[in-house]
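The lines below spell out each chain.
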Amino acid sequence: MTTRTAAAPARATVYGYPRQGPDRELKKAIEGYWKGRVTADALRAGAAELRRANWRELAAAGIHEVPTGDFSYYDHVLDTTVMVGAIPARHRAAAAANALDGYFAMARGTQDAAPLEMTKWFDTNYHYLVPELGPDTVFTADPAKQVSELKEALALGLTARPVLVGPVTYLLLAKPAPGVPADFDPLSLLDRLLPVYAEVLADLRAAGAEWVQLDEPALVQDRTSDELSAASRAYRHLGTLTDRPKLLVASYFDRLGDALPVLAKAPVDGLALDFTESAAANLDALAAVGGLPGKRLVAGVVNGRNIWVNDLEQSLSTLATLLGLAGRVDVAASCSLLHVPLDAALEQDIEPQILRWLAFAKQKTAEIVTLAEGLAQGTDAIAGELASNRADLASRAASPITRDPAVRARTEAVTDVDARRSQPYPERTAAQRAHLGLPLLPTTTIGSFPQTGELRTARADLRAGRIGTAAYEERIKAAIGEVISFQEKAGLDVLVHGEAERNDMVQYFAEQLTGYLTTEHGWVQSYGTRYVRPPILAADISRPKPMTVRWTTYAQSLTSRPVKGMLTGPVTMLAWSFVRDDQPLGHTARQVALALRDEVNDLEAAGTSVIQVDEPALRETLPLRATDHPAYLTWATEAFRLSTSGVRPDTQIHTHMCYAEFGDIVQAIDDLDADVISLEAARSHMQVARELAAHGYPRQAGPGVYDIHSPRVPSTGEAAELLRTGLRAIPAERLWVNPDCGLKTRGWPETRASLENLVAAARIVRGELSPS
Ligand code: GLN
Ligand code: ZN
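All of these numbers come straight from a predicted model, not from anything done at the bench. (Residues numbered from 1 in each chain as written. Chains lettered and ligands numbered in written order. Predicted model: local features only at pLDDT ≥ 70, side-chain atom pairs only at ≥ 80, totals over all residues. Heavy atoms only, no water.)

### Observations regarding the overall build of the chain
Piece 1. In terms of helices and strands, the chain carries 28 helices and 20 strands.
Piece 2. What you see for the chain is a C-alpha radius of gyration of 27 Å, in line with the 28 Å of a compact globule of 772 residues.
Piece 3. Reported as C-alpha extents along the three principal axes, the dimensions of the chain are approximately 85 × 60 × 55 Å.
Piece 4. With 772 residues in all, the chain has 59% of them scored as buried.
Piece 5. When contacts within the chain are restricted to residue pairs at least 6 apart in sequence, those whose partners lie at least 24 apart make up 79%.
Piece 6. Here the chain carries 79 positive and 95 negative side-chain charges, and the mean point of each set is 2 Å from the other. (Helix = DSSP H or I, 4+ residues; strand = E, 2+ residues; numbered from the N terminus. Rg over C-alpha atoms; globule rule 2.2 N^0.38 Å. Buried < 20%, exposed > 50% of the residue type's maximum accessible area, 1.4 Å probe, protein only. Contact = heavy atoms within 4.5 Å. Lys, Arg positive; Asp, Glu negative; His and termini not counted. Charge placed at Lys NZ, Arg CZ, Asp CG, Glu CD.)

This is the structure in structure tokens:
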């Protein structure tokens, strides 16, 4: 036995790497498999080749310990469900007959079996499949995927560290299976789950793993003392196993808070901690518990979820402090690199000067390696890298590109008054009633209509130069014409133009705003085979010219009913983009809000009386720690109001949110001061209407009566019944009738039928109202 007293040289590592391949080969192979064009063997071989290519690339870049098991055909939480044998009963037969098809069935559903629910992975834009557990769940170990991927990496002669979702996080992310009482606590299954993890760990050890990483990001959220003691029990159990690899418990996305002393005391061999952004507080907290003497600390100093170059000197200084706090210190990104695009060097259209400020997964890997080298051998060893990093940072800090004096002056001049409508809601609503003349229970939709194959073809044709702008715009106009005439025939009250011209509700605006960058290859996994290219908020934001006015006014020219203008709100613009890290988020939000305010005002000036500013991301952008909520909600609601407060009292401002669970932000919804809000509600039977009522929400609301996530057509009777339920919470003068969300993913036939039923339901229920 050797006891190592002197610090071992720092190792460079990552927790995970983009899975899709440089040309999204994985997406293509999987979708090909679904369509029967790619065989299972070809899919497996292609996937193995992508894994090997990633490991070779990481090793060649200087990463000492590569991650394994982070690869996934769909989602790593679903992989964990398979690993612990928690396949829901309705999928078990299919999974037993064919593991791969059963896996995809859990992810996507089949004719007979619904998929697992999908939800956001903490506050990222990645979505995982929610484990379904119950008192009868029997866990069994299925380490095959983890073991075989480890062996693949070891076969390349690499040092490899399997990465697993930890048992506590797995249970905390789970929900009661269908039919299980809602108050069932999946964490109560911990003692049953731990032996299964023990078995997997033993198998990984036998297969050659020196270290295994267990990811516990759920511990960066506010946790009850019961949950913390469960974590303590879990790691006491796993840590005291005799036949086990060394254990590295990882957390990321925020600070550990009360969970830090719990993990620091646990009999595990190391911790991986995030030291970026609000997780920087981990540093003082670690010192306060006396560090990790004799243990390994993996320091996440390179931001794994944003795309800016690291400040190497600052990271080195953090690392130097950490050196005194652990037996050894290794260097990593704050989280898996899954959340950033692959390679900034592929971007041909971004100015070279700006490109130097960007670091995608490949560039971050190089930063990690440089930092590990600097830590191990002293800064002289990385003098060249430090000098060029310093130059890149200085060029960004001093660049006139990022700063627009006019935008700054305008942003600084903003006062409270700018973020407030000129009249309070009761006066506005009277003016709007007179101006719009809508019936009780007015009907409307959320904005988008089906994005047909023809529209996608038109966009592809335009991009490929097969058609010109004029021809493209004719096709958009034709689509708008169809949408308007359908809505008139169906009898909707407030119409929309249908968003035919928009590829994506954020990208569409980002492309038109100065200060935003869009990428050509910056794909990031959103879920399964769906990848998005989040735009980059790179500089001060302004709006050189109107963005939506001509389409809205064109739509309005076709009808005498009001057409609702349709914009994406400032919070959502930030949430679905990579944000600046050189100024507070609230400042960026304010700039975007002012640009949108110009658009709102221009829409009004062009004759638009109803304007909707969508904020579907308001709830999901809530920080992970409750103490951080008030600051966020203050700037977020102010930004929304700033974008919508420049209009006349008789112009009606709508907003829209989806994804349920509004309970904890009702006050913020109220603070938006929108005249009308439409919300997702169909599946929860108007729960949100009751929540708004309980809060005393004073304005108009449209809890959705048509679940647009399913091709199912709601009957008139069903929609009417939901409306009656809504009316028990919200009076008729304030209740709107609309679907849960936009219709862009739906087909025309079900959209037509559903909206006709929705209008019929509104008419029936109007007829039931006693004349007041
Ligand atoms: N107006 C958008 C639409 O209808 C809203 C989308 C959303 O809420 N995600 O598509
Ligand atoms: Zn929505």
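Moving on from the model shown.
### Here's the deal with the environment of Ala-589
Piece 1. Relative to the assigned elements, Ala-589 resides in helix H23 (residues 585-605).
Piece 2. Distance in space between the C-alpha atoms of Ala-589 and Thr-751 is 34 Å, their sequence separation being 162 residues.
Piece 3. Setting aside residues no more than four positions away along its own chain, Ala-589 makes contact with Pro-570, Leu-574, Trp-635 and Ala-639.

### Observations regarding the coordination of the zinc ion (ligand 2)
Piece 1. Here the zinc ion (ligand 2) is held by His-656 (NE2), Cys-658 (SG) and Cys-741 (SG), and the distances to it run 2.0 to 2.2 Å.
Piece 2. In this structure, the zinc ion (ligand 2) is coordinated by four donor atoms arranged in tetrahedral fashion, with angles at the metal of 91 to 121°.
Piece 3. Each donor residue of the zinc ion (ligand 2) lies on the same chain, and together they follow the pattern H-x1-C-x82-C. Here the residue Cys-658 occupies a position in the loop between strand S18 (652-657) and helix H25 (666-671), and Cys-741 occupies one in the loop between helix H27 (716-729) and helix H28 (748-768), the gap between them amounting to 83 residues. (Donors = N, O, S within 2.8 Å, 3.2 Å for Na, K, Ca; no water. Tetrahedral: all angles 85-135°; square planar, octahedral: opposite > 155°, others 65-115°.)

### Focus: the sheet that holds strand S9 (residues 270-274)
Pairing between the strands of a sheet comes from backbone hydrogen bonds, and it takes one of two forms, parallel or antiparallel.
Piece 1. Spatially, the seven strands line up as an open sheet ordered S1-S5-S7-S8-S9-S10-S11, and their pairing is parallel. The two strands at the open ends of the sheet, each matched to only one other strand, are strand S1 (65-68) and strand S11 (326-333). Strand-to-strand twist across the sheet, computed as the mean angle between neighbouring axes with direction ignored, equals 25°.
Piece 2. Sheet topology places strand S5 (residues 159-165) next to strand S7 (residues 211-215); three bridges connect them, and they run parallel. Paired with Val-165 across the strands is Asp-215, a residue of S7.
Piece 3. This element, helix H8 (residues 190-206), spans S5, S7 and strand S8 (246-250) of the sheet and lies at about 170° to S5. (Pairing = 2+ DSSP bridges. Axes fitted to C-alpha atoms, helices over the stretch in contact; angles between N-to-C directions.)

### Quick notes on helix H18 (residues 453-463)
Piece 1. Within the span of H18, buried status applies to Leu-455, Ala-458, Arg-459 and Asp-461. The arc enclosing the buried residues of H18, seen along the axis, measures out at 160°, which places them on a common side.
Piece 2. Buried positions along H18 lie against helix H19 (469-490).
Piece 3. The positive-phi residue at the C-terminal boundary of H18 is Gly-465, with phi of around 75°. (Arc of directions from axis to C-beta.)

### Quick word on the sheet that holds strand S17 (residues 610-614)
Piece 1. The strand order S16-S17-S18-S19-S20 describes an open sheet built from five strands, whose pairing is parallel. Unpaired on one side and paired on the other, strand S16 (564-568) and strand S20 (700-703) mark the two borders of the sheet. Here the strands of the sheet are splayed against their neighbours by 20° on average, with no regard to which way each runs.
Piece 2. Both S16 and S17 contribute to a ladder of five bridges, which runs parallel. The residue of S17 that forms the bridge with Lys-564 is Val-610.

### Some thoughts on helix H5 (residues 99-108)
Piece 1. A large share of H5 lies buried, amounting to seven of its ten residues.
Piece 2. The set of residues buried in H5 consists of Leu-100, Gly-102, Tyr-103, Phe-104, Ala-105, Met-106 and Ala-107.
Piece 3. Residues of H5 that are buried make contact with helix H1 (25-34), helix H2 (40-61), helix H3 (76-83), helix H4 (89-97) and strand S3 (127-129).
Piece 4. Capping the start of H5 is the job of one residue whose side-chain oxygen sits 3.0 Å from the backbone nitrogen of Leu-100: Asn-98.
Piece 5. Among the residues trailing H5, Gly-109 stands out with phi positive, at a value near 80°. (Polar contact = N/O pair within 3.5 Å; in protein donor to acceptor, adjacent residues only side chain to side chain.)

### Concerning the site of ligand 1
Piece 1. For ligand 1, the set of nearby residues contains 13 residues, the closest of which are Ser-448, Glu-499, Asp-614, His-656 and Gly-742.
Piece 2. One nitrogen or oxygen atom from the side chain of Ser-448 is found 2.7 Å from an oxygen atom belonging to ligand 1.
Piece 3. Note that a nitrogen atom of ligand 1 is positioned 2.6 Å from one of the side-chain N or O atoms of Asp-614.
Piece 4. Protein chains bury 95% of the 300 Å² of accessible surface belonging to ligand 1 in isolation.
Piece 5. Here the residues of the shell around ligand 1 are counted per class, giving six nonpolar, four polar and three charged. (Near = heavy atom within 4 Å. Areas by Shrake-Rupley, 256 points an atom, 1.4 Å probe, with all protein chains shown as cover. Nonpolar A, V, L, I, M, F, W, Y, C, P; charged D, E, K, R; others polar.)

### Observations concerning unusual backbone geometry
Piece 1. Phi angles above zero are rare outside glycine, and Glu-499 is one such case at about 60°.
Piece 2. Position of Glu-499 relative to the elements: it lies in the loop between H19 and helix H20 (507-510).
Piece 3. Of note, Asp-673 is a non-glycine position whose phi angle comes to about 60°, a positive value.
Piece 4. Tracing the sequence through the fold places Asp-673 in the loop between H25 and strand S19 (676-679).
Piece 5. What makes Asp-673 buried here is its relative accessible area of 18%.

### Re empty space enclosed by the protein
Piece 1. Scanning all chains against the criterion turns up four cavities of 30 Å³ or more.
Piece 2. Roughly 100 Å³ of internal volume is contained in the largest cavity.
Piece 3. Residue lining of the largest cavity: Tyr-17, Pro-18, Arg-19, Gly-21, Leu-50, Arg-51, Asn-54, Trp-55, Pro-67, Asp-70 and Phe-71, and that is the complete set.
Piece 4. The element contributing the most residues to the lining of the largest cavity is H2, with four residues.
Piece 5. Taken together, the residues that form the lining of the largest cavity break down as six nonpolar, two polar and three charged. (1 Å grid on protein atoms, 1.4 Å probe; cavity = no way out; pocket = protein on both sides within 12 Å on 5 of 7 lines; lining within 4 Å. Points joined across faces, edges and corners; volume = space filled by probe spheres on them.)

### Some thoughts on the layout of surface pockets
Piece 1. Each pocket or cavity is described by its volume, and for the second largest pocket that value is around 800 Å³.
Piece 2. The wall of the second largest pocket is formed by 40 residues, among which Phe-71, Asp-79, Tyr-103, Lys-145 and Glu-149 lie closest to the centre.
Piece 3. Taken together, the elements giving at least two residues each to the lining of the second largest pocket come down to H2, H3, H5, helix H6 (144-155) and S5.
Piece 4. A per-element tally of the lining of the second largest pocket places H6 first, with six residues.
Piece 5. A breakdown of the residues in the lining of the second largest pocket according to their chemical character gives 21 nonpolar, nine polar and ten charged.

### Let's talk about the packing of helix H16 (residues 405-412) against H23
How two helices sit against one another is set out by the angle between their axes and by the gap between those axes.
Piece 1. Orientation of H16 relative to H23, taken along the N-to-C sense of each, is 95°, at an axis distance of 10 Å. The orientation of H16 relative to H23 falls into the category roughly perpendicular. Between H16 and H23, the contacting residues are Val-407, Arg-410 and Thr-411 on the first element and Arg-590, Gln-591, Leu-594, Arg-597 and Asp-598 on the second.
Piece 2. The class makeup of the residues in the contact of H16 with H23 is two nonpolar, two polar and four charged. (Parallel < 35°, antiparallel > 145°, perpendicular 65-115°, else oblique.)

### With respect to the packing of aromatic side chains
Piece 1. For the structure on display, the rule yields 16 aromatic pairs.
Piece 2. Ring centres of Tyr-73 and Phe-104 lie 6.2 Å apart, and the angle between their planes is 70°; this geometry places the pair in the edge-to-face category. Here Phe-104 lies in helix H5 and Tyr-73 lies in the loop between S1 and H3, a separation of 31 residues in the sequence.
Piece 3. Owing to a relative accessible area of 15%, Tyr-73 belongs among the buried residues under this scheme.
Piece 4. For the cation-ring pair, Arg-51 lies above Phe-71, with the distance from its terminal atom to the ring centre recorded as 4.6 Å.
Piece 5. Lying across the ring of Trp-34, Arg-108 places its NZ or CZ 3.4 Å from the centre. (Phe/Tyr/Trp six-rings, centres within 6.5 Å; stacked < 30°, edge-to-face > 60°. Lys NZ or Arg CZ within 6 Å of the ring centre and 35° of its normal.)

### Digging into the pattern of salt bridges
Piece 1. Summed over the entire model, instances satisfying the criterion amount to 55 salt bridges.
Piece 2. Between Arg-396 and Asp-582 there is a salt bridge whose closest N-O contact spans 3.7 Å. Placement of the pair is Arg-396 in helix H15 (residues 383-398) and Asp-582 in the loop between helix H22 (570-575) and H23, with a sequence separation of 186 residues.
Piece 3. A residue is classified by how much of its surface remains accessible, and Arg-396, at 7% relative accessible area, is buried.
Piece 4. Connected via shared salt-bridge partners are Arg-11, Glu-65, Arg-161, Arg-296, Arg-328 and Asp-330. (Salt bridge = Lys/Arg side-chain N within 4 Å of Asp/Glu carboxyl O.)

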